[in-house]
4 protein chains.
Amino acid sequence: MVFRVAVAGASGYAGGEVLRILLAHPEIEIGALTGNSNVGQELGGLQPHLLPLAGRVLEPTSAEVLAGHDVVFLALPHGQSAAVAQQLGDAVLIVDCGADFRLHSAADWEKFYGSPHAGTWPYGLPELPGARAALEGSKRIAVPGCFPTGVSLALFPAYAAGLAEPEAVIVAASGTSGAGKALKPHLLGSEVMGSVSPYGVGGVHRHTPEMSQNLSAVAGEKVTVSFTPTLVPMPRGILATCSAKAKPGVTGDQVRAAYEKAFADEPFVHLLPEGRWPSTAAVTGSNAVQLQVAYDESANRVIAISAIDNLTKGTAGGAVQSMNVALGLPEELGLSTSGVAP
Amino acid sequence: MVFRVAVAGASGYAGGEVLRILLAHPEIEIGALTGNSNVGQELGGLQPHLLPLAGRVLEPTSAEVLAGHDVVFLALPHGQSAAVAQQLGDAVLIVDCGADFRLHSAADWEKFYGSPHAGTWPYGLPELPGARAALEGSKRIAVPGCFPTGVSLALFPAYAAGLAEPEAVIVAASGTSGAGKALKPHLLGSEVMGSVSPYGVGGVHRHTPEMSQNLSAVAGEKVTVSFTPTLVPMPRGILATCSAKAKPGVTGDQVRAAYEKAFADEPFVHLLPEGRWPSTAAVTGSNAVQLQVAYDESANRVIAISAIDNLTKGTAGGAVQSMNVALGLPEELGLSTSGVAP
Amino acid sequence: MVFRVAVAGASGYAGGEVLRILLAHPEIEIGALTGNSNVGQELGGLQPHLLPLAGRVLEPTSAEVLAGHDVVFLALPHGQSAAVAQQLGDAVLIVDCGADFRLHSAADWEKFYGSPHAGTWPYGLPELPGARAALEGSKRIAVPGCFPTGVSLALFPAYAAGLAEPEAVIVAASGTSGAGKALKPHLLGSEVMGSVSPYGVGGVHRHTPEMSQNLSAVAGEKVTVSFTPTLVPMPRGILATCSAKAKPGVTGDQVRAAYEKAFADEPFVHLLPEGRWPSTAAVTGSNAVQLQVAYDESANRVIAISAIDNLTKGTAGGAVQSMNVALGLPEELGLSTSGVAP
Amino acid sequence: MVFRVAVAGASGYAGGEVLRILLAHPEIEIGALTGNSNVGQELGGLQPHLLPLAGRVLEPTSAEVLAGHDVVFLALPHGQSAAVAQQLGDAVLIVDCGADFRLHSAADWEKFYGSPHAGTWPYGLPELPGARAALEGSKRIAVPGCFPTGVSLALFPAYAAGLAEPEAVIVAASGTSGAGKALKPHLLGSEVMGSVSPYGVGGVHRHTPEMSQNLSAVAGEKVTVSFTPTLVPMPRGILATCSAKAKPGVTGDQVRAAYEKAFADEPFVHLLPEGRWPSTAAVTGSNAVQLQVAYDESANRVIAISAIDNLTKGTAGGAVQSMNVALGLPEELGLSTSGVAP
């Protein structure tokens with residue numbers, strides 16, 4: 001059976017990556033592509049890398065255009081998904097790449113996003129305990145943020161096994177596509193090449209409560225998160241360096257065992273052999289996660305580091321993976337675990 | 001039917017890309033992987049982006065190991081392919097990613113490579129006039145060099161239509177993977193980032209006679225090539241800026257028409273609409289070629305510019321495309337035309 | 001004696017580089033800094049690399065603000081310099097980093113810039129035959145374009161010595177700062193990293209007539225220029241690959257001798273020893289030019305390649321060098337020939 | 001007075017940067033340049049960016065060659081400085097860019113470097129409490145490691161003011177020149193571009209005890225350090241993201257005040273205005289440090305982030321700054337605080 005899919009927000013980086021992945025998916029037919037300011041333009045000029053869709057023309061993002069598809073991917077600015085979802089009805093599978101339906105806490109949502117909370121949808125990170133079951137058959141999916149994907153996968157095994165104190169410290173490096181196609185001076189090539197810089201420092205980044213939500217649920221206690229994102233000179237990729245103090249008596253062997261157990265059956269998460277460390281290049285363009293963990297005895301901390309492609313596993317690949325689960329398709333269908341490297 | 005494939009030289013950039021592409025090919029089963037100094041090592045430590053093959057162990061490059069496959073890809077240093085080919089016999093399809101069997105002229109071979117000429121095999125650039133027919137059913141394929149791929153595609157339509165004088169001037173920018181994994185000081189990241197530099201200037205680059213051979217065959221007269229390669233700070237991609245004086249009376253419309261005709265039915269070559277220009281990012285990791293042509297009236301030159309991924313269409317993708325032709329498979333099987341961008 | 005200098009357009013890349021160089025100039029005191037949309041802002045937020053000027057506030061670009069300085073650098077959009085110059089009077093040295101006063105031909109100006117021609121000022125490329133004398137004591141300087149700087153230095157010795165046919169073919173790679181701080185989608189970091197692309201192809205780039213003007217003056221005959229600029233993933237630097245057919249009977253020794261003679265006494269131009277080639281990294285942040293030349297016998301072409309920093313020797317360094325000449329200061333004062341590498 | 005300076009290890013990145021800075025120093029005359037495997041080669045082929053020294057020839061690294069200078073910079077592999085220093089005698093100022101004399105604890109030295117401890121010299125980070133006084137008139141200087149420079153400057157004010165718990169968590173991004181010119185596969189341009197990866201994870205990096213030593217001295221109690229370095233795709237620069245839990249009752253205002261006090265009179269450290277964050281590009285090629293600090297209330301952590309150029313303030317610039325202090329010269333002499341940006 002072939003599912004007919006529409007993509008709203010097809011001219012941005014998230015929408016483009018959804019399309020790149022769907023083009024390789026054997027059970028998908030690509031239907032309507034919608035935009036906003038660029039309605040009427042050919043995709044070839046906006047996403048020149050999507051050769052098979054070069055002649056497609058962007059339509060308006062409206063319920064009329066999006067109707068009649070089996071699946072609709074929303075790659076829209078925050079706050080616009082709820083209205084579209086309501087108009088599309090309950091029968092269509094809606095995969096929201098935005099933030100609108102990720103958080104359980106209305107208070108957190110309002111504090112970090114400044115608008116009324118729209119609700120909570122099943123969370124599209126199948127590797128998290130309980131997440132896969134919630135996605136099966138669901139007609140609504142909230143795709144995780146890119147940083148929360150990398151961070152949650154890196155740390156949840158430590159919390160699930162009760163090995164870490166509930167104060168996580170995270171520094172994550174992101175490629176520039178994480179900031180989207182917005183025309184901002186600090187995102188110009190001249191500014192980002194040769195430069196690393198932090199942003200959203202001090203607990204203000206919007207992905208912070210999402211990480212805390214994921215880790216707290218697994219830990220069974222409130223996990224605070226100190227999160228510092230940095231922008232690095234590459235288009236794609238997130239390397240998340242995550243650590244937490246070890247609970248008393250924890251050993252390195254326990255840590256290793258917890259991670260091996262957590263990912264033993266996960267097709268996309270590759271816990272590296274000891275002595276090797278993840279690199280973002282190795283997962284570029286793929287849905288794979290590379291992960292390593294260490295126990296630093298002198299500092300008494302568990303250090304877990306993950307590498308993902310922010311646009312693939314961090315957004316569009318995770319979205320298609322979750323779609324596969326929701327539709328009852330094989331979870332790996334259409335998703336590559338080979339990175340484009342070097 | 002599934003073909004069993006061995007790859008000799010699996011730890012280098014060319015061999016790695018062959019494997020990345022074959023992993024997505026529905027009619028291929030990956031057999032022996034061979035190396036040289038790294039025999040016995042796991043591929044996971046050498047090609048960390050090829051997650052599905054991480055546990056595979058490199059075997060010696062010998063006739064014993066390579067025997068028993070339907071297809072053998074050779075990604076070996078120049079001069080080593082002939083001996084291997086002879087031992088494997090005539091029944092196996094051998095796809096040589098090296099230079100050994102590309103040149104017709106023994107004199108050119110000896111001048112540029114400094115060793116005896118081993119012979120000439122059908123040339124793996126199906127888009128060239130006559131090439132596809134020579135590949136069909138062949139048991140031997142000489143994969144073109146990366147620069148000759150981009151340059152020949154950019155210029156042959158002008159010569160095929162008799163529009164250009166037989167003196168081509170080419171400046172091509174290449175990503176660093178074109179230089180291979182060799183440990184040379186000028187290839188260190190610290191040296192290449194922030195830097196563009198030429199090499200092999202003045203007619204001494206080994207790809208020069210190959211370009212001249214291709215263009216001369218199409219032109220029906222000897223085409224001299226002034227070729228300057230430059231190294232640019234990116235891992236992959238070739239942008240070839242090619243020009244030649246227009247023959248008397250040539251018009252811009254004639255030039256455009258010649259290119260439209262040449263590529264009308266080619267699945268991998270995308271002649272861009274007028275006003276848009278190729279970029280290497282758009283074809284990264286894909287077998288697509290982006291191409292544009294202009295006629296500069298004041299300088300009276302035809303300027304044709306192509307973008308390819310040097311490892312994909314420029315090496316491994318072109319190799320698999322030619323293998324498909326030789327095996328009678330659909331030419332596009334297993335090959336993507338969507339680049340990994342941004 | 002200390003000269004008091006104002007910089008109009010201090011928030012852009014050219015203005016910032018003028019300031020960076022002037023900060024190291026022992027005979028200069030930095031006076032007014034002017035902007036446009038960012039008047040009233042501190043320079044620290046706009047040019048964070050200029051620590052000594054972080055607290056300076058941008059003033060409006062007006063005759064009142066710019067008056068009372070010995071030297072005024074104009075780093076303004078094309079077409080705005082003439083009006084400012086007229087208001088400042090004849091006593092002040094005006095160094096125009098824009099294009100307004102570079103071209104002799106009003107027809108060329110109007111064709112390429114689309115506005116009335118404002119006139120011609122002494123040309124700020126002291127290495128060109130005759131240029132130094134015209135700059136001495138001048139109160140007006142037209143700073144060359146960045147591409148014409150690299151290209152003219154690479155090719156004028158061949159034309160001065162009568163060695164090259166009057167049809168030059170040039171392909172130049174430029175870092176992204178050459179395109180300025182404008183917020184355009186194709187200049188985003190996500191787009192430029194990993195990508196090389198051409199622009200202004202086919203004789204339409206505005207620097208073309210300037211190159212032709214410089215080379216024709218030296219050659220004593222009209223030199224046509226086929227010029228293709230490409231954008232490469234680095235912030236700074238231009239590598240200009242320039243070639244022309246050799247006149248009959250020319251030898252490689254003659255070519256070498258012509259270049260050695262042309263640059264024997266030039267403090268900023270470094271003709272490399274044979275066998276070494278320029279790289280843009282080697283001249284980053286410096287006023288040096290690295291240059292090499294070869295004669296390709298099989299293609300019968302002279303190939304000259306230069307590397308400059310587009311912002312330094314290509315704009316602000318060349319401007320300060322010319323200012324030194326005009327003011328009667330030592331030409332090298334305040335200018336470095338050490339690049340910031342790696 | 002002019003001091004005559006020799007540089008041992010002039011072909012590496014550290015040695016090259018020492019030379020680049022000394023070329024701009026008004027009280028220095030550059031004497032002998034020594035190398036190892038490249039003795040007899042011209043510097044122009046090894047450090048092509050140092051145009052004024054292009055014709056200089058490398059001599060052997062021996063006491064004979066290094067004798068007769070006022071100052072000798074050692075940029076040698078670890079473990080080689082002690083023997084050279086002993087032979088040169090007490091009258092010459094020796095500035096060791098290596099690690100040999102940085103650590104007080106012989107046990108730490110032996111654990112992390114695996115050889116006998118050679119001793120401890122005055123530490124070349126003048127901004128640290130007490131360091132400047134120890135450097136004045138000294139004939140021996142141990143230049144800090146690049147990471148300890150960035151990290152110690154970022155965190156010492158918090159510890160000096162008693163605001164932070166003695167468990168620091170540090171994740172630092174470094175440009176590739178930090179790894180030197182060694183020919184290692186993971187340092188190839190093809191591997192580093194587009195990639196971020198960690199190394200030396202889990203308390204094993206050699207700079208860890210040096211950071212702990214610096215912070216503990218200031219804190220008056222043992223400060224443990226969890227340090228994770230990452231390699232990012234740029235040639236130069238370190239961004240150090242450092243945090244520690246705040247002591248009970250600490251407020252954001254106290255934190256800000258402590259940092260303002262610590263750096264009020266420091267010429268090279270620029271505590272940014274609130275709301276702006278450091279970037280490595282802004283300090284490229286300069287001896288400046290950009291620094292910002294925040295108090296994250298929800299995680300109760302002090303987060304301090306510094307940007308330096310690893311080769312300049314992190315090595316050669318810090319070395320020259322300390323040399324200035326030792327020689328009684330103005331501390332800023334010959335050192336720029338303007339970065340080469342964009």
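The name recorded for chain A in an unreviewed UniProt entry is N-acetyl-gamma-glutamyl-phosphate reductase, from Actinacidiphila oryziradicis. On record in UniProt, under Sequence similarities (unreviewed entry), the comment for chain A is "Belongs to the NAGSA dehydrogenase family. Type 1 subfamily." Per UniProt, the comment on chain A under Catalytic activity (unreviewed entry) is "N-acetyl-L-glutamate 5-semialdehyde + phosphate + NADP(+) = N-acetyl-L-glutamyl 5-phosphate + NADPH + H(+)".

Caption draft 1: The arrangement of the overall build of chain A in detail. Counting secondary structure elements, chain A contains eleven helices and 13 strands. On C-alpha atoms alone, chain A measures out to a radius of gyration of 19 Å, which is about the 20 Å that the 2.2 N^0.38 rule sets for 342 residues. Counting only C-alpha atoms, chain A reaches 60 × 45 × 40 Å along its principal axes. Split into buried and exposed, the 342 residues of chain A put 65% on the buried side. Here the contacts in chain A between residues at least 6 apart in sequence split such that 69% fall between residues at least 24 apart. Accessible surface for chain A amounts to roughly 10,800 Å². Of this, 51% is attributable to carbon and sulfur atoms. Placing the 20 positive and 29 negative side-chain charges of chain A at their respective mean positions leaves the two points 3 Å apart.

Caption draft 2: Structural view of the domain arrangement of chain A. Residue and element names in this part refer to chain A. For chain A, the assigned domains are domain 1 (3–143 + 315–327) and domain 2 (147–308). On the domain 2 side, the residues contacting the 23 residues of domain 1 number 24 residues. Here domain 1 and domain 2 share an interface that buries about 2,000 Å² over both sides, 55% of which is from carbon and sulfur atoms. Ranking the residues of domain 1 by area buried against domain 2 places Y13, F112 and E127 at the top, with a combined share of 31%. Remark: the boundary between domain 1 and domain 2 carries three salt bridges. A salt bridge links R132 to E266; its shortest N-O distance comes to 2.8 Å. Applying the counting rule to domain 1 against domain 2 returns twelve residue pairs in polar contact (both at pLDDT 80 or more). For the side of domain 1 that touches domain 2, the secondary-structure elements that each account for two or more residues are α1 (13–22), α5 (106–113) and α11 (312–327). Per-class residue counts for the side of domain 1 that touches domain 2 are nine nonpolar, eight polar and six charged.

Caption draft 3: Here's a closer look at the UniProt feature "domain: Semialdehyde dehydrogenase NAD-binding" (unreviewed entry) in chain A. Sites flagged by UniProt as "domain: Semialdehyde dehydrogenase NAD-binding" (unreviewed entry) map to residues 4–136 of chain A. What you have in residues 4–136 of chain A is 29% helix and 17% strand, and the ends, taken at the C-alpha atoms, are 19 Å apart.

Caption draft 4: Just the interface of chain A and chain D, in detail. Chain A puts 39 residues into the contact, and the matching count from chain D is 39 residues. Approximately 3,100 Å² of surface area, both sides summed, lies buried where chain A meets chain D, with 65% of it carried by carbon and sulfur atoms. Among the residues chain A hides against chain D, the three largest losses belong to A:V196, A:P198 and A:V201. Together they make up 16% of the total. Residue A:K245 pairs with D:E167 through a salt bridge whose shortest N-O separation is 2.9 Å. Elements that contribute at least two residues to the side of chain A that touches chain D include exactly β7 (164–174), α8 (189–192), β8 (197–198), β9 (224–231), β10 (238–246) and β13 (301–308) of chain A. Per element, the largest residue contribution to the side of chain A that touches chain D is five residues, and it comes from β9(A).

Caption draft 5: Highlighting the relation of the copies chain A and chain D. Of the two same-sequence chains, chain A is brought onto chain D (RMSD 0.0 Å, axial shift 0.0 Å) by a rotation of 180°. Put plainly, the chains are arranged around a two-fold axis. The share of interface residues of chain A whose copies in chain D are also at the interface is 100%, consistent with both copies meeting through the same surface.

Caption draft 6: Layout of the interface of chain B and chain A. Counting residues at the interface gives 29 residues for chain B, matched by 29 residues for chain A. Contact with chain A buries surface across chain B, with B:H49, B:L51 and B:P342 losing the most and accounting together for 29% of the total. Taken together, the connections running from chain B to chain A amount to zero salt bridges. Summed over the shared surface of chain B and chain A, the result is twelve residue pairs in polar contact (both at pLDDT 80 or more). At the level of elements, α1 (13–23) and α2 (43–46) of chain B are the ones that each hand at least two residues to the side of chain B that touches chain A. The element that contributes the greatest number of residues to the side of chain B that touches chain A is α1(B), accounting for four residues.

Caption draft 7: Region of interest: the confidence of the model for chain A. Residues with a pLDDT of 70 or more make up 100% of chain A, whose mean pLDDT is 97. Listed scores for the predicted complex are pTM 0.98 and ipTM 0.97.

Caption draft 8: Seen up close, helix α7 (residues 146–160) of chain B. Residues and elements named next belong to chain B. Taking 1.5 Å per residue as the helical rise, α7 with its 15 residues ought to reach 21 Å, and the 21 Å between its terminal C-alpha atoms agrees with that figure. In terms of burial, α7 is a largely internal element, 14 of the 15 residues being buried. Downstream of α7 by a residue or two, G162 has a phi angle that is positive, lying close to 70°.

Caption draft 9: Quick peek at the environment of D:S190. Position of D:S190 among the secondary structure elements: in helix α8 (residues 189–192). Given the relative accessible area of 4%, D:S190 is considered buried. For the pair D:S190 and D:Q292, spaced 102 residues apart in sequence, the C-alpha separation works out to 33 Å. In this structure the side chain of D:S190 is engaged in a polar contact, spanning 3.2 Å, whose partner is the backbone nitrogen of B:S177.

Caption draft 10: Up close: the relation of the copies chain B and chain A. Rotating chain B by 180° and translating it 0.0 Å along the rotation axis places it on chain A, where the RMSD comes to 0.0 Å. Comparing interface residues between copies, 100% of those in chain B also lie at the interface in chain A; the contact surface is shared.

Caption draft 11: Up close: the packing of helix α7 (residues 146–160) of chain C against helix α10 (residues 252–263) of chain C. All names here are of chain C. Orientation of α7 relative to α10, taken along the N-to-C sense of each, is 115°, at an axis distance of 8 Å. As for how α7 packs across α10, the hand of that crossing is right-handed. When α7 is examined against α10, the residues L153, A154, L155, F156, P157 and A158 are found in contact with a partner set consisting of A258, Y259, A262 and F263. Looking at side-chain class alone, the contact of α7 with α10 contains ten nonpolar, no polar and no charged residues.

Caption draft 12: Layout of unusual backbone geometry. The step from B:A341 to B:P342 runs through a cis peptide bond, and the omega angle for that step is 5°. Examined against the element boundaries, B:P342 turns out to sit in the segment after α11 (312–327). A positive phi is found at A:N300, a non-glycine position, where the angle reads about 55°. If you trace the backbone, A:N300 turns up in the loop between β12 (289–296) and β13.

Caption draft 13: Representation of the pattern of salt bridges within the structure. The tally for this structure, following the rule as stated, stands at 52 salt bridges over all chains. Residues A:R132 and A:E331 are paired through a salt bridge, measuring 2.8 Å at the closest nitrogen-oxygen approach. Remark: A:E331 occurs in the segment after α11 and A:R132 occurs in helix α6 (residues 131–135); sequence separation between them is 199 residues. Look at A:R132 and you get partly exposed, because its relative accessible area is 24%. Relative accessible area serves as the criterion here: at 16%, A:E331 is assigned to the buried category. Taking the shortest distance from any N to any O, the salt bridge between B:R102 and B:E210 comes out at 3.6 Å. Remark: B:E210 occurs in helix α9 (residues 208–219) and B:R102 occurs in the loop between β5 (93–96) and α5 (106–113); sequence separation between them is 108 residues.

Caption draft 14: A look at the UniProt feature "active site" (unreviewed entry) in chain A. As annotated by UniProt and renumbered to match this structure, "active site" (unreviewed entry) occupies A:C146. Dropping the residues within four chain positions of it, A:C146 is found in contact with A:H207, A:I238, A:I308, A:N310, A:G314 and A:T315.

Caption draft 15: Highlighting the pairing of strand β7 (residues 164–174) of chain D. Residues and elements named next belong to chain D. Of all eleven residues making up β7, nine are buried, and the element is well covered by its neighbours. With eight bridges connecting them, β7 and strand β10 (residues 238–246) associate as antiparallel partners. Directly across from V171, in β10, lies its bridge partner T241. The pairing of β7 with strand β9 (residues 224–231) spans eight bridges and is parallel. Pairing of V169 across the sheet is with S226, part of β9.

Caption draft 16: View of the sheet that holds strand β2 (residues 28–35) of chain A. Residue and element names in this part refer to chain A. Read from one edge of the open sheet, six strands run β3-β2-β1-β4-β5-β6, paired in parallel fashion. Lying at the two open borders of the sheet, with one neighbouring strand each, are β3 (59–60) and β6 (140–142). Here strand β1 (residues 3–8) runs beside strand β4 (residues 71–74); their pairing, made up of four bridges, is parallel. Opposite A8, over in β4, you have L74 as the bridge partner. The strands that α1 touches are β1, β2 and β4; relative to β1, the one it contacts most, it runs at about 160°.

The rules behind these values
Residues numbered from 1 in each chain as written. Chains lettered and ligands numbered in written order. Predicted model: local features only at pLDDT ≥ 70, side-chain atom pairs only at ≥ 80, totals over all residues. Heavy atoms only, no water. UniProt positions renumbered as here; feature names shortened; annotations may be inferred. Helix = DSSP H or I, 4+ residues; strand = E, 2+ residues; numbered from the N terminus. Rg over C-alpha atoms; globule rule 2.2 N^0.38 Å. Buried < 20%, exposed > 50% of the residue type's maximum accessible area, 1.4 Å probe, protein only. Contact = heavy atoms within 4.5 Å. Areas by Shrake-Rupley, 256 points an atom, 1.4 Å probe, with all protein chains shown as cover. Lys, Arg positive; Asp, Glu negative; His and termini not counted. Charge placed at Lys NZ, Arg CZ, Asp CG, Glu CD. Domains from an automatic or database assignment. Buried area = accessible area lost by both parts, 1.4 Å probe. Salt bridge = Lys/Arg side-chain N within 4 Å of Asp/Glu carboxyl O. Polar contact = N/O pair within 3.5 Å; in protein donor to acceptor, adjacent residues only side chain to side chain. Nonpolar A, V, L, I, M, F, W, Y, C, P; charged D, E, K, R; others polar. Least-squares fit on C-alpha atoms with pLDDT ≥ 70 in both. pLDDT = per-residue confidence, 0-100. Expected span 1.5 Å × (residues − 1). Axes fitted to C-alpha atoms, helices over the stretch in contact; angles between N-to-C directions. Left-handed = near helix turned anticlockwise from the far one by under 90°. Pairing = 2+ DSSP bridges.

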